Amino acid sequence: MSFYTSLTGLNSATAQLAVTSNNIANVGTSGFKRSRADFGDIFSTSPLQKSSSNIGQGVSLKQVSQEFSQGNISTSGNSLDLAITGDGFFPLKTPDGLQDTYTRNGSFTLNDQNNVVNSTGQRLMAASVDSSGKADLTNLNALTIPPKTSGEAVETTKIQLGLNLPADSAVITADFDRTNASTYNKSTALTVYDSGGNGYLATVYYAKTQNATLDSPFSKWQTYFFVGDTEVKPALQQATDTVGSNFFVNKYGDVLPKSDPRVVPSSGTTEMYSLDQLTDIRASSPATAVGSALPNASFTGGALVNATSGSLSFKIKVDGAAQAQEISYTLQDEDSDPAVLANHVEIAINNVLGSVADTVDNPATADVNEFRKNARFGITVEFDPDNAKFSISSGTTGDSSSITISEANSKAISVMGLADAPNLTVAASTTEALRGKASEPAVLSGEVMTINTTKSVLVTSANKDFFVSVDGIAAKVELPFPTTYTNIESFAKALQDKINSIVDPDTGRKVSGVTVAFDTKTKQLNFTTGTTGSNAAIQVTGPADWGLANTEMQFGATTDWKKLAQFTENGALQFVKNGVQTEDATGLSGKTEWWPVYLDRGELSFDLTGKPVSPLTGMPFETAFLQGGKGALTMSIDFTKSTQYSSAFAVLSQSQDGAPEGELMGLNIGPDGLVNATYSNGSQVSLGKIVLANFSSPSGLRQVGDASYLASASSGIAKIGEAGSAGFGSIRAGATERANVDLTQELVDLITAQRNFQANAKAIETSSTMTSAIINIRS
C-alpha cells in the first residue's frame, strides 16, 4: 500500500507543479487570476475497524480555485482598454449571442460592426441611458461605437455673414455675370448642407449700385446668391426696425413698426410699396380756393381797376366750421395794388374768423359738454400776377382742411374774381392723400416758476409787465395790479385774454387763438399759437416769477409728407397677396390704412457712417432646388453685422446653422462606465453605460479560457450594477488590469512542489528496497 500512498503524493506534487507553472505562464495575461491547488488526505475505514489503528492512504486534489484579488493597473494608449478597480466583471456575450461570459480582462477593440469586442469576438454589454445618464439595467445590449452620427445632419436655414464692404468701391453699372469679375466687386463662399448632411458650395457676390448723395444719403449694394451653379433669387422681404417689428406705411408716407398702437396691419391683397421709393417728399398744403382770372378790364398794367372805392363782401367757411361767416371790406385808395388788397382782405378775414365764439356741442348738456371751437386762424390771401387770380387758403394744412367761398357781391366778383365756381370750394379729403398732414403751431414753454403755484397768486407792480410777439405783431401787455388770482389757472386765463386783445396799430390785425396753459407737473407756463406752419411764431418775456425771464422765440413747423407710388415691375402694378408678390389685384381692400412696406430684393444699404440701414433682419431667399433632384434648401442670410468702412474688404464673421453627419473625434469613458462620443459636427452622444457583474461566490465561477468565466451553481447568478455603486468597483479607461500573480511566491511554490515530488519518489524507492529484502529472505 505504501507504493500507492506515495503515488498519490507524486500526483499531488505534479498537480501543484502544473498549477504553479500555469500561474507563471500567465503572469503577462491581462485580467488573469492566479490559481491555487487545494489538497485533502485520503482516509478510509470500516465500521468494525479500530480507527485509531488505521493509516491514511495518501492525498488527493480537491479543487483548483482562483484568487480574485486586485491586480496592478497598467496604462495604455487605447481608450477602449478598461480596468476594474474593485469588485466586478465585465459582462460579455459570445459571438453567436447565446452564451453570457464574464471577464476581468478589459482589452477591447472594435469589430467590423463597430461593436466593442475582446480578442475572441465576445461583445461587451452595456446598458442604455437617458438624457441624464441614468442607466436602464434591464436593457443590456452590445456596446456599439458608431464611426459617424446618424440622423443628426442639420439642414442649413440661416447663414450669418459679417463683412466690411469697402466704401471706396466703384459703382458697377454692367449687368451681373458671375463668370465676369468686372460685373461685381467682391464675393464670399461657404458650405451649406441639406437634410442628409451633404455639403454644397454657396457663393455670394456683391455689386455696388449706388454711392451716397445729398438726395439719397445711402450707399447700396446688390447681392447675388448661388448654390453650386444654381442662382437663388431673393424673396420678398418686409422692412423692419432694429428689433424685428415689421414696418407699415400710411397714405402720408409715415413708416411705423407694427408695435406702434397707431398701426392697424392690413390683410388680404394689398398694394405693394417699396421703402426705397418713398422719396417724393412734399410740404403739407392748405385747402385753397382760387378765384377766376381777372379780365384786362379789371387788371391791367399791374393794377386793379375800380378797386379804390366801394366795399366787397363774401361768405367764407373754413375747416368744417358750423356756419359760414360774412366778410365785408371797404376798399381804400392803395387797394389798386393787388398785393395790398390781398393783405387787407386777409386781415379782415382773420379778424372776423378769429373772434367767432365757441359753442357747446349739445346745448341740452352744456354743463358737461365740451365746447366746439368755432374760431379759425391763419387764413392767407394771395394774388398771382401771372394768372391774375386771387386765392384764399385755410389756416391749417392737410387733407382735413377745407374752404368754401360763396355769396360774393358784385365788387368782390369784379375785383377779386370770386364769382361762384367749383374752384372756390375745396372739401376735406377722407380717403386719398392730397394735401398732407396738419402742421404744427409755435409752442413756447417758460422756465420753472419761482412762486408758490399751489395757492392764490398775486400780480404786483414788479411782475405785471409782459412783452409779447405773435406772428410778427409785437406789443407790451400789462395785467392790472394789485390783483389776486385764486389760482394759477385763472392767472393764465387772464394773461391769455390780454394777449388775444392785442391789435397791430399799423394794420389793424388782431392777435387771436393764443392759448396759455399751466403744466402742474413741470410748473411751467405753455404758450401755443392759433396759427400753424412755419410762419407761426411766438415769444413772451416777463418777470422771473412767471418763469419768463429767459425765453426765446419759438416757431411752428409745416409738416412734410411723402406721396406714395405703387411699386411696378415691367410696367405692371404689383400687389402682395398672403406675402407673395403678384399682379393679381383680386381681393384688394379699399379700406386699408396701413400697408406693408418692402425692401428691394437682395439689396444692402448703409448710412454715411458705414452702419447697415437695411435689412435689419435676415435676408430671405426663395427655395433653392438642388441639382440632380437631391432636394431643396430654403435659407436666409443675416448681414446685420456688416459694415461699409474705408478699409479693405474683410469677412468679419461667417457661420451657418447646418451640419453634416459627424465623424468620430473622441471617446470618453467615465469611472461610472458612461460612454460619451464626440463627433466632428460638434455633437456629443451618450452611447450607453458599461455595467459590471458580480457574484455571491466568484471563486465558484467556471473557467473557460481567455481569462473568461461562466456562471455556475457554485458562483450563483450574476448581479448587474453600475460601476461605482455599492458592491461594484469603478472603471478606469485607457488602462488594463495585470495578472495578480506574485512571481516570487510562484517560484517558492515551484521549489516546494519539486521537494514534495522528490520526497514521494524517495518513499517509493524505500518501499521498493523493503520489498526486495522480503523477497530475498524467502529465497
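As shown above, the structure is provided for reference.
Quick caveat, the model's predicted, so the values are computed rather than measured.

S.K.: Residues and numbers for the overall build of the protein chain, please.
M.R.: The helix and strand tally for the protein chain stands at 5 helices and 61 strands. For a compact globule of 779 residues, the expected C-alpha radius of gyration is about 28 Å, and the protein chain comes in at 53 Å, more than 25% above that figure. For the protein chain, the proportion of its 779 residues judged to be buried stands at 42%. Looking at the protein chain alone, contacts between residues at least 24 apart form 65% of all its contacts between residues at least 6 apart. Accessible surface, the protein chain as shown: approximately 38,800 Å² in total, 51% of it carbon and sulfur.

S.K.: Pulling in residues and values, what's your account of the pattern of salt bridges?
M.R.: All told, the structure shown has 24 salt bridges when counted by the stated rule. We note a salt bridge from R509 to E346, for which the minimum N-O separation is 3.1 Å. Taken as a pair, R509 in the loop between α4 (488-499) and β37 (515-519) and E346 in helix α2 (residues 338-353) lie far apart in primary sequence, 163 residues in all. The class for R509 is partly exposed, based on a relative accessible area of 22%.

S.K.: If you had to explain the sheet that holds strand β44 (residues 575-577) to someone new, which residues and values would you point to?
M.R.: Whether parallel or antiparallel, the strands of a sheet pair through hydrogen bonds between backbone atoms. A sheet is described by the order of its strands in space; here 3 strands give the open sequence β18-β44-β45, paired in antiparallel fashion. Of all strands in the sheet, those bounded by a partner on one side alone are β18 (269-271) and β45 (580-582). Strand-to-strand twist of the sheet, defined as the mean angle between neighbouring strand axes without regard to direction, takes the value 35°. In the sheet, β44 pairs with β45 via 3 bridges, with the strands oriented antiparallel. Within β45, the residue paired with F575 across the bridge is T582.

S.K.: Requested: an account of α2, with residues and values cited.
M.R.: Since the α-helix turns once every 3.6 residues, residues separated by three or four places project in the same direction. Helix length check: α2 (16 residues) gives 22 Å between terminal C-alpha atoms against 22 Å at 1.5 Å per residue, within 8%. The element α2 is extensively covered by neighbouring structure, given that 12 of its 16 residues are classed as buried. Looking at where α2 begins, the residue whose side-chain oxygen comes 3.0 Å from the main-chain nitrogen of A339 is D337.

S.K.: Outline the environment of V704, supporting the account with residue identities and numerical values.
M.R.: Here V704 shows up in strand β57 (residues 702-705). Taking the C-alpha atoms as reference points, V704 and Y102, separated by 602 residues in sequence, lie 9.8 Å from one another. Setting aside its immediate chain neighbours within four residues, V704 contacts Y709 and L710.

S.K.: So, the nonpolar core: which residues are in play, and what are the values?
M.R.: In terms of nonpolar packing, the biggest core is built from 34 residues, with F314, I316, L341 and I349 touching the most fellow members. Every element with two or more residues in this core is listed here: β21 (286-290), β24 (311-318), β25 (325-330), α2, β28 (380-384), β29 (389-397), β30 (403-406) and α3 (410-416). No other element matches α2, which puts 6 residues into this core. Dropping the residues within four chain positions of it, L341 is found in contact with L304, L312, Y329, L331, D335, F390, V415 and M416.

S.K.: So what about the sheet that holds β30? Which residues, and what values?
M.R.: Pairing is antiparallel across the open sheet formed by 4 strands, whose spatial order is β25-β24-β30-β31. Among the strands making up the open sheet, the edge pair consists of β25 and β31 (425-426). Relative to β30, β24 is paired through 4 bridges, and the arrangement is antiparallel. Its bridge partner being in β30, K315 is matched across the sheet by S406.

Conventions adopted
Residue numbering note: each chain is counted from 1, following its sequence as written. This being a predicted model, a pLDDT of at least 70 is required before a residue's local features are given, and a value of 80 or more before pairs of side-chain atoms are given or counted; all residues contribute to the totals for chains, interfaces and linings. Computation of side-chain values: all heavy atoms of the structure, hydrogens and water removed. Elements are defined by DSSP. Helices are runs of H or I of four residues or more, strands are runs of E of two residues or more, and each kind is numbered from the N terminus. For a compact globule the rule gives 2.2 Å times the number of residues to the power 0.38, and the radius of gyration it is set against comes from C-alpha atoms. For every residue, the accessible area obtained with a 1.4 Å probe (protein chains only) is divided by the maximum for its type, and the residue is called buried under 20%, exposed over 50%, and partly exposed between those limits. Whether two residues touch is decided by their heavy atoms; if any such pair falls within 4.5 Å, the residues are in contact. Each accessible area is a Shrake-Rupley result for a 1.4 Å probe, and residues are judged covered by the shown protein chains and nothing else. Definition used for salt bridges: Asp or Glu carboxyl oxygen within 4 Å of a side-chain nitrogen of Lys or Arg. Any two strands with at least two DSSP-identified bridges between them are counted as paired. Only C-alpha atoms enter the line fits that serve as axes; for helices the fit covers just the stretch in contact. Angles between N-to-C directions range over 0 to 180 degrees. Multiplying 1.5 Å by the helix residue count minus one yields the expected span of that helix. By the criterion applied in these results, polar contacts are pairs of N or O atoms within 3.5 Å in which, for protein atoms, one can donate a hydrogen and the other can accept it, and in which residues neighboring in sequence qualify only through two side-chain atoms. As used in this record, nonpolar core signifies buried Ala, Val, Leu, Ile, Met, Phe, Trp, Tyr and Cys residues forming a set joined through side-chain atoms within 4.5 Å.

Function cannot be read off these values alone, since they describe shape.
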